[in-house]
Amino acid sequence: MIKRFFIYGIIGWSMEIVWTGVFSLINGNLTLEAYTSLWMFFIYGCGVFLEPLHDIIRPWNVFLRGLVWVVIIWGIEYTTGKLIVSILDVYPWHYYGKFAVEGLVRLDYAPAWFVAGLFFERVHTALDKLKIV
């Protein structure tokens with residue numbers, strides 16, 4: 001399980017770096033500045049604990065599974081963010097705009113989380129096939 005924790009953490013970090021780098025480009029920053037938080041490694045790593053849920057919903061259609069991942073990711077994002085803010089009084093990330101919920105969740109990121117959830121399903125399946133425990 002520890003190997004999977006590290007794999008999920010590193011993949012999550014990598015996704016965030018690409019995501020924020022692309023937004024830098026969109027906003028005209030040609031240095032493609034990208035960023036993430038060290039906290040995110042641990043949060044993404046905990047994706048290993050969602051594997052049993054994936055096993056349960058695997059036969060469901062892709063749209064329904066994607067919606068499940070959006071709701072779960074929003075819940076995790078909000079809860080972990082709120083926990084870090086309440087304990088350390090710092091925001092590990094801070095969203096702005098009309099779709100931001102307390103700076104911890106962006107509702108307009110639903111399509112990205114939909115795709116990310118389905119992507120992590122594939123990672124889980126690949127790890128199972130490779131027998132990485």
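The structure this text deals with has already been given above.
Everything quoted here is computed from the prediction, not taken from an experiment. Numbering of residues begins from 1 in every chain and follows the order in which that chain's sequence is written. Totals for whole chains, interfaces and linings use all residues, but because this is a predicted model, local features are given only for residues with pLDDT of at least 70 and pairs of side-chain atoms are given and counted only at 80 or more. Just so you know, side-chain values use all the structure's heavy atoms and leave hydrogens and water out.

Caption draft 1: Highlighting the overall build of the chain. A tally of helices and strands in the chain yields five helices and two strands. In this description a helix means any DSSP run of H or I spanning at least four residues, a strand means any run of E spanning at least two, and both kinds are numbered starting from the N terminus. When its helices and strands are written in sequence order, the chain yields α-α-α-α-β-β-α. With the radius of gyration taken over C-alpha atoms, the globule rule is written as 2.2 Å times the number of residues to the power 0.38. In terms of overall dimensions, the chain is globule-like: its C-alpha atoms have a radius of gyration of 15 Å, near the 14 Å expected for 133 residues. Seen through its C-alpha atoms, the chain measures out along the principal axes to roughly 40 × 30 × 30 Å. Burial classes: relative accessible area under 20% of the type maximum marks a residue as buried, over 50% as exposed, and values in between as partly exposed (1.4 Å probe, protein chains only). Residues counted as buried form 38% of the 133 residues belonging to the chain. The criterion used for residue contact is that any of the two residues' heavy atoms lie within 4.5 Å. In the chain, the proportion of contacts linking residues at least 24 apart, taken out of those at least 6 apart, comes to 63%. Areas reported here follow the Shrake-Rupley algorithm with a probe of radius 1.4 Å; residue values treat only the protein chains shown as occluding. Total accessible area on the chain is roughly 8400 Å²; 74% of this is exposed by carbon and sulfur atoms. Positive and negative side-chain charges of the chain, numbering 10 and 10 respectively, have mean locations separated by a distance of 10 Å. Note on charges: Lys and Arg go in the positive column, Asp and Glu in the negative column, and His and the chain ends are not counted at all. Charged groups are reduced to one reference atom each: NZ for lysine, CZ for arginine, CG for aspartic acid, CD for glutamic acid.

Caption draft 2: Quick peek at the nonpolar core. Residue types Ala, Val, Leu, Ile, Met, Phe, Trp, Tyr and Cys, when buried and joined through side-chain atoms within 4.5 Å, form a set referred to as a nonpolar core. Counting 27 residues, the largest nonpolar core has Tyr8, Trp93 and Trp113 as its most contacted members. If you list the elements that add at least two residues to this core, you get helix H1 (2-26), helix H2 (38-45), helix H4 (62-88) and helix H5 (110-129). Sort the elements by how many residues they give to this core and H5 lands first, with eight residues. Setting aside residues up to four positions removed in sequence, Trp113 forms contacts with Tyr44, Trp69, Val70, Ile73, Trp74, Glu77 and Tyr95.

Caption draft 3: Representation of H4. Taking 1.5 Å as the rise per residue, H4 with 27 residues should run 39 Å; its terminal C-alpha atoms sit 38 Å apart, in good agreement. Inspection of H4 places Arg65, Gly66, Val68, Trp69, Val70, Ile73, Glu77, Thr80, Gly81, Ile84 and Val85 among the buried residues, and these make up the whole buried set. A 3.5 Å cut-off defines polar contacts: any pair of N or O atoms within that distance qualifies, except that in protein one atom must be a possible hydrogen donor and the other a possible acceptor, and neighbouring residues in sequence count only when both atoms are side-chain atoms. Among the residues of H4, the N-terminal cap falls to Asn61, whose side-chain oxygen and the backbone nitrogen of Phe63 are separated by 2.9 Å. Asp89 sits one or two residues past H4 and shows a positive phi near 60°. Helix span is expected to be 1.5 Å times the residue number reduced by one.

Caption draft 4: Highlighting the packing of aromatic side chains. Stacked, edge-to-face and tilted labels apply to pairs of Phe, Tyr and Trp rings (six-membered ring for Trp) whose centres lie within 6.5 Å, assigned for plane angles under 30 degrees, over 60, and everything in between, in that order. For the coordinates displayed, the defined rule picks out twelve aromatic pairs. A ring pair is formed by Tyr95 and Tyr109, whose centres lie 5.3 Å apart and whose planes are at 80°; its orientation type is edge-to-face. You can see Tyr95 sitting in the loop between H4 and strand E1 (100-101) and its partner Tyr109 sitting in the loop between strand E2 (105-106) and H5, a full 14 residues away along the chain. On the accessibility criterion, Tyr95 (16% relative accessible area) is buried. Residue classification places Tyr109 among the buried positions, given a relative accessible area of 14%. Chaining the aromatic ring pairs together yields one cluster made of Phe5, Phe6, Trp13, Phe41 and Phe42.

Caption draft 5: Up close: the pattern of salt bridges. What makes a salt bridge here is a side-chain nitrogen of Lys or Arg within 4 Å of a carboxyl oxygen of Asp or Glu, nothing more. Scanning the model with the defined rule gives six salt bridges in all. With its nearest N and O atoms 2.6 Å apart, the salt bridge here joins Glu102 to Lys82. Remark: Lys82 occurs in helix H4 and Glu102 occurs in the loop between E1 and E2; sequence separation between them is 20 residues. Overall, Lys82 belongs to the partly exposed group, its relative accessible area being 37%. Between Arg106 and Asp108 there is a salt bridge, and its shortest N-O distance comes to 2.5 Å.

In short, geometric facts, not functional conclusions.
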